[in-house]
Protein chains: 2
Amino acid sequence: MDKKNEAITSRDVDFAKWYTDVCRKAELMDYSSVKGFINYLPYGYGIWEAIKEFADRLFKEKGAENVYLPSVIPMSMFDREKEHVEGFAPEILVATIGGGKRLEDPLVIRPTSEILFSDLYKHLVKSYRDLPKRFNQWCSVVRWEKTTRPFLRGSEFLWQEGHCLFETEKEANDNALEMLEVYDRIGRECLAIPFLKGKKSAHETFAGAVATYSIEALMHDGKALQAGTTHYLGTGFAKAGGIAFQGRNNALETPHQSSWGISTRLIGAVIMVHGDDNGLVLPPMVAPIQAVIVGIKSQDEKVKEACRGLYEELKRAGIRVKLDLDPSKTPGWKFAEYEMKGVPLRIEIGPRDIESGLSGLAIRFSGEKRSVKLNEIAHQIPLLLREIQEGMYLAAKSRLEASIVDVETLEELKATLEKGGYARMAYCGEEECELKIKELTLGGTARCIYQENVEGKTCPVCGKKATVVSYFAKAY
Amino acid sequence: MDKKNEAITSRDVDFAKWYTDVCRKAELMDYSSVKGFINYLPYGYGIWEAIKEFADRLFKEKGAENVYLPSVIPMSMFDREKEHVEGFAPEILVATIGGGKRLEDPLVIRPTSEILFSDLYKHLVKSYRDLPKRFNQWCSVVRWEKTTRPFLRGSEFLWQEGHCLFETEKEANDNALEMLEVYDRIGRECLAIPFLKGKKSAHETFAGAVATYSIEALMHDGKALQAGTTHYLGTGFAKAGGIAFQGRNNALETPHQSSWGISTRLIGAVIMVHGDDNGLVLPPMVAPIQAVIVGIKSQDEKVKEACRGLYEELKRAGIRVKLDLDPSKTPGWKFAEYEMKGVPLRIEIGPRDIESGLSGLAIRFSGEKRSVKLNEIAHQIPLLLREIQEGMYLAAKSRLEASIVDVETLEELKATLEKGGYARMAYCGEEECELKIKELTLGGTARCIYQENVEGKTCPVCGKKATVVSYFAKAY
């Protein structure tokens with residue numbers, strides 16, 4: 001690996017600063033002049049486009065259909081959903097003037113679209129024959145945030161929100177679990193991120209939901225990041241929204257609902273799971289540039305010809321490839337630059353490589369260098385990109401697994417969470433004990449709970465019988 | 001062709017009613033509970049997804065890079081651009097409350113993003129080495145409209161806006177012309193719509209632009225629809241936005257700007273160019289369902305087997321295919337339904353077809369029926385879809401060409417525009433004469449102008465020497 005990029009703070013010195021350095025220097029985003037809102041630049045937006053394309057294909061395979069609903073919600077409709085309003089009211093942006101006139105019914109800029117989907121379904125769903133409905137929307141949402149952080153928390157972000165209706169509880173809950181599996185697959189095959197996945201504790205369940213499931217990623221600093229959630233919402237939202245259908249026995253029934261969402265937060269997860277002190281490290285599946293060809297003595301005609309030929313060949317093979325023959329920068333500068341931008345694979349071609357028929361390849365994530373026969377590169381690269389993708393996933397998986405420590409006492413729990421990573425511990429599952437744990441550990445929360453291996457164990461807080469095993473961690 | 005679908009008003013009886021009937025009955029959209037805003041349903045949104053995918057690929061081939069900028073613009077920034085504000089002020093939606101507090105600087109919900117792109121470029125562009133910049137954004141915009149019409153005019157629509165910066169006037173104007181060609185290609189190869197394309201008259205030029213170019217489609221009722229525009233903006237916007245760069249000779253220079261956009265209005269164009277009295281007629285490239293397999297006696301095991309086999313085969317071939325074995329509806333009902341939804345190709349398979357080894361194909365746009373060997377269908381369909389796509393384009397092209405009438409006097413102009421279609425006429429090119437023509441013809445406007453074949457001709461309004469030939473039409 002080339003020497004440390006001085007423009008970026010080391011992770012162990014200041015992880016938060018390292019993170020924003022990477023976001024800025026790699027040109028993923030830029031702060032906009034609108035406070036709390038960012039500009040998604042091509043290199044950052046390109047990651048989102050790759051995630052979106054991958055996810056959208058999987059959603060459609062599961063029967064999801066895309067729609068687009070209004071970006072605003074009349075305040076009168078918003079106010080109807082009490083529980084919902086309480087959760088979102090402090091962070092809404094409200095339009096009060098339209099076409100130069102004061103609006104009688106102000107419009108809330110969509111923070112999430114439960115209300116609008118309910119309103120749509122009320123019109124579309126009349127009979128069990130109209131079910132199931134599996135609508136999904138790719139859009140932006142606005143939530144008025146005081147403290148912001150690129151991709152992790154901001155006043156506007158991009159996401160998808162799936163809102164589905166089913167005849168029965170089983171179908172709706174199964175859908176929430178099925179989409180959790182889809183999210184897990186997005187992590188595995190696209191982001192190279194292994195997720196801890198499972199049910200949320202009562203305390204962490206979405207307001208109004210019967211059950212919330214989540215995928216959790218482990219960041220380099222040992223903190224967890226909730227990377228997506230799916231919910232089985234029961235019939236509460238549907239009842240409040242006045243949705244009813246004629247069932248198979250002619251009686252009027254209320255449909256069961258599920259919802260699921262992932263957002264541009266996943267870009268933050270990719271940065272913090274894979275990045276290192278030299279900057280970004282991107283898995284090939286989401287990398288806007290999968291391979292860069294750097295010409296050494298780039299004005300040499302033979303070098304130009306060899307580089308261009310390879311560039312065209314890789315492009316034809318569907319690789320997202322960049323050719324750099326810019327004579328105004330040194331190869332060393334370029335190497336550091338493409339490392340900082342996390343390009344998975346760098347190919348160096350100079351006069352000596354052409355003479356020897358061997359070219360140098362540098363693999364970003366492992367720092368490994370290889371010599372490959374020039375006339376075999378085009379054939380090798382797709383295989384190598386797959387190898388990198390898998391290698392990154394397995395490396396992250398080892399780190400995740402190594403971070404899990406079994407604990408039984410509050411002292412052990414506290415010590416483990418201080419170091420970072422997950423502490424696996426049985427407890428009673430009650431909100432009260434969870435809050436005490438959070439206080440004691442300065443922020444440790446139950447990330448996912450599992451109803452297994454609790455036999456004979458007790459809750460270290462209240463001393464009652466343990467009902468669940470939880471993975472505790474500090475989280476973003 | 002099967003008999004007229006009674007649920008839809010005839011085009012010649014009431015074209016406006018026919019249009020909304022088709023939008024609703026074919027489930028392209030639904031009116032939402034937010035006044036002026038529509039719900040894009042899967043079948044309508046699917047058309048937009050197909051257009052977007054096709055267009056995005058072409059844009060990227062031309063060097064465009066996608067970004068995402070904030071959905072709100074501070075009023076203080078908005079007010080800075082005088083000319084711009086005048087154009088958009090009457091139709092903006094303004095947020096005044098955020099996080100429960102009154103905003104000191106209210107936020108305009110983005111009606112278009114010139115201001116935000118300028119603000120971004122001001123930070124990104126410092127030297128001629130940073131140019132050109134070709135950023136594009138896919139997003140929704142809000143414009144407070146009093147009268148709305150699905151896809152044609154509404155308080156919110158989906159679009160793309162390309163905003164580009166160049167060193168020279170030539171590059172920027174060339175980009176506006178190049179993107180006009182791209183839009184034309186989208187019409188030809190994706191929408192099966194031939195466009196009239198060219199420059200706008202002074203009167204129809206975008207406020208603040210040096211030149212506006214547009215693509216214009218001819219609707220069935222003889223009216224033109226502006227389907228997309230590209231602009232050469234000169235240096236005015238860049239100057240107002242404070243964008244400057246160090247030129248090749250070290251002097252500070254102002255970049256030249258272009259912009260270009262198409263929107264969900266194109267869905268309206270597809271409906272009104274191709275639709276007929278039985279409903280929608282979709283070109284295969286944008287059809288969410290390209291072919292439907294309808295089983296006749298659909299509960300017959302052999303029919304099921306044959307239908308499912310073909311369905312899987314077509315799916316593997318990348319065809320967007322639907323299989324309908326629903327026993328609760330008659331084949332006749334289904335035929336009318338899929339016709340109304342504009343599915344390009346219908347394949348009927350019943351016990352007799354299996355016996356004879358021949359299956360019936362119905363082509364939506366021509367009404368033609370064909371018998372094809374069952375074991376050759378899977379191979380035939382991709383070819384047939386291409387044939388349909390091309391046939392629809394050529395048919396629309398014939399209609400467009402037949403609608404163009406050369407006229408020389410105001411009487412001829414008026415008579416031609418009353419019938420519908422384009423009147424081609426030389427005139428002086430001055431705004432004053434254009435306004436008189438609009439008044440006299442009850443709404444006729446110059447759609448595109450060309451600086452050719454004007455020798456010896458005079459303007460029929462003012463009597464001065466003609467400088468341009470214009471295609472006049474009434475327009476949406």
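Rules behind the numbers
Residues numbered from 1 in each chain as written. Chains lettered and ligands numbered in written order. Predicted model: local features only at pLDDT ≥ 70, side-chain atom pairs only at ≥ 80, totals over all residues. Heavy atoms only, no water. Helix = DSSP H or I, 4+ residues; strand = E, 2+ residues; numbered from the N terminus. Rg over C-alpha atoms; globule rule 2.2 N^0.38 Å. Buried < 20%, exposed > 50% of the residue type's maximum accessible area, 1.4 Å probe, protein only. Contact = heavy atoms within 4.5 Å. Areas by Shrake-Rupley, 256 points an atom, 1.4 Å probe, with all protein chains shown as cover. Lys, Arg positive; Asp, Glu negative; His and termini not counted. Charge placed at Lys NZ, Arg CZ, Asp CG, Glu CD. Least-squares fit on C-alpha atoms with pLDDT ≥ 70 in both. Core = buried A, V, L, I, M, F, W, Y, C linked by side-chain atoms within 4.5 Å. Axes fitted to C-alpha atoms, helices over the stretch in contact; angles between N-to-C directions. Parallel < 35°, antiparallel > 145°, perpendicular 65-115°, else oblique. Left-handed = near helix turned anticlockwise from the far one by under 90°. Nonpolar A, V, L, I, M, F, W, Y, C, P; charged D, E, K, R; others polar. Salt bridge = Lys/Arg side-chain N within 4 Å of Asp/Glu carboxyl O. Polar contact = N/O pair within 3.5 Å; in protein donor to acceptor, adjacent residues only side chain to side chain. Pairing = 2+ DSSP bridges. Disulfide = S-S within 2.5 Å. Phe/Tyr/Trp six-rings, centres within 6.5 Å; stacked < 30°, edge-to-face > 60°.

Chemist: For this particular structure, what's the right way to read the overall build of chain A?
Modeler: A tally of helices and strands in chain A yields 14 helices and 23 strands. Over its C-alpha atoms chain A spans a radius of gyration of 25 Å, differing by no more than 12% from the 23 Å that the globule rule assigns to 476 residues. Taken along the three principal axes of its C-alpha coordinates, chain A extends 80 × 60 × 45 Å. Expressed as a percentage of the 476 residues in chain A, the buried residues total 58%. In chain A, 68% of the contacts between residues at least 6 apart in sequence involve partners at least 24 apart. For chain A, the computed accessible surface area is about 19900 Å², with 48% contributed by carbon and sulfur atoms. Side chains of chain A give 65 positive and 68 negative charges; the mean places of these two sets differ by 2 Å.

Chemist: Would you mind going over the relation of the copies chain A and chain B with me for this structure?
Modeler: Two chain copies, one operation linking them: a rotation about an axis together with a shift along it. The transform that puts chain A on chain B rotates by 180° and translates by 0.0 Å along the axis, for an RMSD of 0.0 Å. Seen this way, the second copy is the image of the first under a two-fold rotation axis. Identified as the residue of chain A closest to the rotation axis by C-alpha distance is A:Ala95, at 1.8 Å. By residue overlap, the copies meet face to face through one surface: 100% of the interface positions of chain A are interface positions in chain B.

Chemist: Sorry if this is basic, but what is going on with the nonpolar core here?
Modeler: The nonpolar side chains of a soluble globular protein tend to be buried, and buried together. Within the largest apolar cluster, 148 residues are counted, with the highest numbers of intra-cluster contacts made by A:Phe59, A:Ile186, B:Phe59 and B:Ile186. A:Ile186 has contacts with A:Phe54, A:Ala55, A:Leu58, A:Phe59, A:Leu191 and A:Ile262, leaving out every residue within four places of it along the chain. Counting residues in hydrophobic clusters, the runner-up holds 66 residues, among them A:Leu120, B:Val67, B:Phe78 and B:Val142.

Chemist: Which parts of the structure should I look at to understand the packing of helix α2 (residues 42–61) of chain A against helix α2 (residues 42–61) of chain B?
Modeler: When two helices pack together, you describe them by how their axes are tilted relative to each other and by the distance separating the axes. Following both chains from N to C, one finds α2(A) and α2(B) inclined at 150°, their axes separated by 15 Å at the closest point. Between α2(A) and α2(B), the angle falls in the class roughly antiparallel. Crossing of α2(A) over α2(B) shows left-handed handedness. Facing A:Glu49, A:Lys52, A:Asp56 and A:Lys60 of α2(A), the residues of α2(B) in contact are B:Glu49, B:Lys52, B:Asp56 and B:Lys60. For the contact of α2(A) with α2(B), the class distribution of residues is no nonpolar, no polar and eight charged.

Chemist: Could you clarify how one ought to interpret the interface of chain A and chain B in this entry?
Modeler: Counting residues at the interface gives 49 residues for chain A and 49 residues for chain B. Run the count over chain A and chain B and you get two salt bridges. At the junction of chain A with chain B, the criterion picks out 21 residue pairs in polar contact (both at pLDDT 80 or more). Here the residues of the side of chain A that touches chain B sort into 30 nonpolar, 11 polar and eight charged. In terms of strand pairing, strand β5 (residues 93–98) of chain A meets strand β5 (residues 93–98) of chain B through five bridges, oriented antiparallel. Looking across to β5(B), one finds that A:Ala95 is bridged to B:Ala95.

Chemist: Help me understand the sheet that holds strand β17 (residues 345–349) of chain B, please; the structure alone is not making it clear to me.
Modeler: What holds strands together in a sheet is hydrogen bonding between their backbones, with the strands either parallel or antiparallel. All names here are of chain B. As summarised here, the arrangement of the five strands in space is β16-β15-β17-β18-β19, forming an open sheet in which the pairing is mixed. Two strands close off the open sheet at either side, each with one partner strand: β16 (321–324) and β19 (369–373). Taking each pair of neighbouring strands and ignoring which way they run, the sheet shows an average axis angle of 25°. When strand β15 (residues 291–295) meets β16, the two strands line up parallel, connected through four bridges. Paired with Val-292 across the two strands is Lys-322, which belongs to β16.

Chemist: Hey, could you run me through the pairing of strand β7 (residues 133–142) of chain A in this one?
Modeler: Here is the key point about a regular strand: its side chains alternate between the two faces of the sheet. Residues and elements named next belong to chain A. Of all 10 residues in β7, nine are buried; the element is thus mostly enclosed. Examined bridge by bridge, strand β3 (residues 65–66) and β7 share two bridges and lie parallel to one another. Within β7, the residue paired with Glu-65 across the bridge is Phe-135. Here 10 bridges tie β7 to strand β8 (residues 156–166), and the two strands are oriented antiparallel to one another. By the bridge assignment for β8, Phe-135 is matched with His-163.

Chemist: Would you mind showing me how to read unusual backbone geometry here?
Modeler: Excluding glycine, residues mostly carry a negative phi; peptide bonds, for their part, are mostly trans. Here the amide bond leading from A:Leu131 into A:Pro132 is cis, since omega sits at -5°, within 30 degrees of zero. Summarising the element assignment, A:Pro132 is placed in the loop between α5 (114–124) and β7. Look at B:Ala192: it is not a glycine, yet its phi comes out positive at around 60°. Looking at the secondary structure, you find B:Ala192 in the loop between α6 (169–191) and β9 (196–199). Look at B:Leu442: it is not a glycine, yet its phi comes out positive at around 55°. Here B:Leu442 is to be found in the loop between α14 (431–440) and β22 (445–450). We classify B:Leu442 as exposed; its relative accessible area is 65%.

Chemist: Can you help me understand helix α8 (residues 265–274) of chain A in this one?
Modeler: Residue pairs three or four apart in sequence face the same way in an α-helix, which turns once every 3.6 residues. Counting buried residues along α8(A), 10 of its 10 residues qualify, which places the element largely inside the surrounding structure. Of the positions making up α8(A), those classed as buried are A:Arg265, A:Leu266, A:Ile267, A:Gly268, A:Ala269, A:Val270, A:Ile271, A:Met272, A:Val273 and A:His274.

Chemist: Quick question: what am I supposed to make of the environment of A:Ala395 here?
Modeler: As for its position among the elements, A:Ala395 is in helix α12 (residues 377–402). A C-alpha to C-alpha distance of 9.4 Å links A:Ala395 and A:Ile193, two positions 202 residues apart in sequence.

Chemist: What is the right way to look at the state of the cysteines in this model?
Modeler: Two cysteines, two sulfur atoms, one covalent bond between them: this is a disulfide. Evaluated as defined, the whole model comprises zero disulfides over all chains. In this model B:Cys164 remains outside any disulfide bridge; the closest cysteine sulfur is found in B:Cys139, 15 Å from its own.

Chemist: Just to check I follow, could you spell out the pairing of strand β19 (residues 369–373) of chain A for this structure?
Modeler: Residues and elements named next belong to chain A. Of the strand pairs in this sheet, strand β18 (residues 358–363) and β19 are connected by five bridges, and their pairing is antiparallel. What sits directly across from Gly-360, in β19, is Ser-371. Between β18 and β19, which pair antiparallel one after the other, the connecting turn spans five residues, and Gly-367 there sits at a positive phi close to 75°.

Chemist: Would you mind going over the sheet that holds strand β4 (residues 72–74) of chain A with me for this structure?
Modeler: One open sheet holds the six strands; their spatial order is β4(A)-β6(A)-β5(A)-β5(B)-β6(B)-β4(B), and the pairing between them is antiparallel. Strands with a single pairing partner mark the edges of an open sheet, and in this sheet they are β4 of chain A together with β4 (72–74) of chain B. Each neighbouring strand pair of the sheet contributes to a mean axis angle of 45°, computed without reference to strand direction.

Chemist: Explain the packing of aromatic side chains to me, please; I cannot follow it from the model alone.
Modeler: Pairs of aromatic rings are described using the distance from one ring centre to the other and the angle between the two planes. Enumeration over the complete set of coordinates arrives at 28 aromatic pairs over all chains. Aromatic side chains A:Phe59 and A:Trp138 sit 5.9 Å apart centroid to centroid with 20° between the ring planes, which places their arrangement in the stacked category. Of this pair, A:Phe59 sits in helix α2 while A:Trp138 sits in strand β7, and the two are 79 residues apart along the sequence. For A:Trp138, a relative accessible area of 7% gives the class buried. When the centroid spacing of 5.1 Å and the interplanar angle of 20° are considered together, the rings of B:Phe15 and B:Trp18 count as stacked. Residue B:Phe15 and its partner B:Trp18 are both found in helix α1 (residues 15–25); the two are separated by three residues, about one turn of the helix.

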